[in-house]
Amino acid sequence: MKIIVMKDYQELSEKVCELIEKQVNDQPKSVLGLATGGSPLGTYKELIKGYKKRAVDYQQVTTMNLDEYIGLDKSDPQSYHFFMRQHLFDEININPDRTYIPNGKANNQDKECERYERLIEEVGPPDLQLLGIGQNGHIGFNEPGTSFTSETHIIELAESTRKANARFFDSLEDVPKQAITMGIRSILKSEKVILIASGERKAAAIKSLLEDEPSENMPASALKNHKNVTLIVDEEAYMKV
Ligand code: GLP
């Protein structure tokens, strides 16, 4: 695992933006695996700035997101569909038909999982997958205990994850209890992975990721079995290592 330590969140975001822009410039038909949550917000801001300043062209790019809450409509401001439109897709020249996100409102959730996993094979897998990490080590919404051989599936969210994500909702009760997420094996299909972590609250997870043996209790540790992972952290997230 390659490790890059940046001074702070802003520098981290600029670095990740630079790597994504390079990917798109080198390979205009790239498939980008994208993440939601607070961690990639700075990166998306920089990508939008870069699109306006440097005319980076996203017309032929395809994106595949990791996950979505079960029960939220695409138009729900708390859904990851809405998040991606608001924070990136509406601001760059990407073709909306080439942006894929699991459907959290499918009538048959098992079929939706199968459909999305097939898409990862047919449209993807991503050339570059961007990942955040939960305080409990989750990637996508793969909570501790998820099998390293899992593909796209439905997951019960850990109480700690619901509490951590409650900041995006009016109240904790509004945070869905389930999500649909790419599995660990699905994520490992990507060519390259960039895992980002910023701030003190991620320091324990990063320390465990770097120092402990891979274990299903720490989903991100599955990345140690991948050949091309870059961990980009800021000094606060790295301080306990
Ligand atoms: C969320 C998302 C993950 C994200 C993680 C960390 O629940 N499903 O994809 O990486 O938790 O979130 P944040 O970046 O807001 O700390």
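Residues numbered from 1 in each chain as written. Predicted model: local features only at pLDDT ≥ 70, side-chain atom pairs only at ≥ 80, totals over all residues.

The chain goes by Glucosamine-6-phosphate deaminase in an unreviewed UniProt entry, where it is assigned to Halobacillus seohaensis. Comment text from UniProt for the chain, heading Pathway (unreviewed entry), reads "Amino-sugar metabolism; N-acetylneuraminate degradation; D-fructose 6-phosphate from N-acetylneuraminate: step 5/5." According to the UniProt record, the Function (unreviewed entry) comment for the chain is "Catalyzes the reversible isomerization-deamination of glucosamine 6-phosphate (GlcN6P) to form fructose 6-phosphate (Fru6P) and ammonium ion." (UniProt positions renumbered as here; feature names shortened; annotations may be inferred.)

**Thoughts on the overall build of the chain**
When helices and strands are tallied, the chain shows 8 helices and 10 strands. Taken over C-alpha atoms, the radius of gyration comes to 17 Å for the chain, in line with the 18 Å a tight globule of 241 residues would show. Each of the three principal axes of the chain carries a C-alpha extent, and together these read 45 × 40 × 35 Å. The burial tally for the chain puts 44% of its 241 residues in the buried class. Expressed as a percentage of contacts within the chain between residues at least 6 apart in sequence, the contacts between residues at least 24 apart total 80%. (Helix = DSSP H or I, 4+ residues; strand = E, 2+ residues; numbered from the N terminus. Rg over C-alpha atoms; globule rule 2.2 N^0.38 Å. Buried ≥ 20, exposed ≤ 12 C-beta atoms within 10 Å, placed from the backbone. Contact = placed C-beta atoms within 7 Å.)

**A few points about the UniProt feature "domain: Glucosamine/galactosamine-6-phosphate isomerase" (unreviewed entry) in the chain**
The positions UniProt marks with the feature "domain: Glucosamine/galactosamine-6-phosphate isomerase" (unreviewed entry) are residues 10–229. Secondary structure over residues 10–229 splits into 34% helix and 15% strand, and the C-alpha atoms at its two ends are 21 Å apart.

**Side note on the site of the ligand**
Surveying the vicinity of the ligand reveals 14 residues, the closest of which are Gly37, Gly38, Ser39, Gly132 and Gly134. Per-class residue counts for the shell around the ligand are 4 nonpolar, 9 polar and 1 charged. (Near = placed C-beta within 6 Å. Nonpolar A, V, L, I, M, F, W, Y, C, P; charged D, E, K, R; others polar.)

**Description of helix α2 (residues 41–54)**
Over its 14 residues, α2 runs 19 Å from end to end, which matches the ideal 20 Å to within 8%, given 1.5 Å per residue. Buried residues belonging to α2 abut α1 (9–26) and α3 (80–87). Following α2 by one or two positions, Ala55 adopts a phi angle in the positive range, close to 55 degrees. (Expected span 1.5 Å × (residues − 1).)

**Considering the UniProt feature "active site" (unreviewed entry) in the chain**
Taking the numbering used here, the UniProt-annotated feature "active site" (unreviewed entry) corresponds to Asp67, Asn136, His138 and Glu143. Taking the C-beta count within 10 Å as the criterion, His138 has 25 such neighbours and is therefore assigned buried. When neighbours within four sequence positions are excluded, His138 is seen to be in contact with Glu143, Pro144, Thr161 and Pro219. Tracing the backbone shows Glu143 in the loop between β6 (128–131) and β7 (153–156). Accessibility expressed as a C-beta count within 10 Å gives 21 for Glu143, which makes it buried. Apart from residues lying up to four places away in sequence, Glu143 is in contact with His138, Ile155, Leu157, Ala158 and Thr161.

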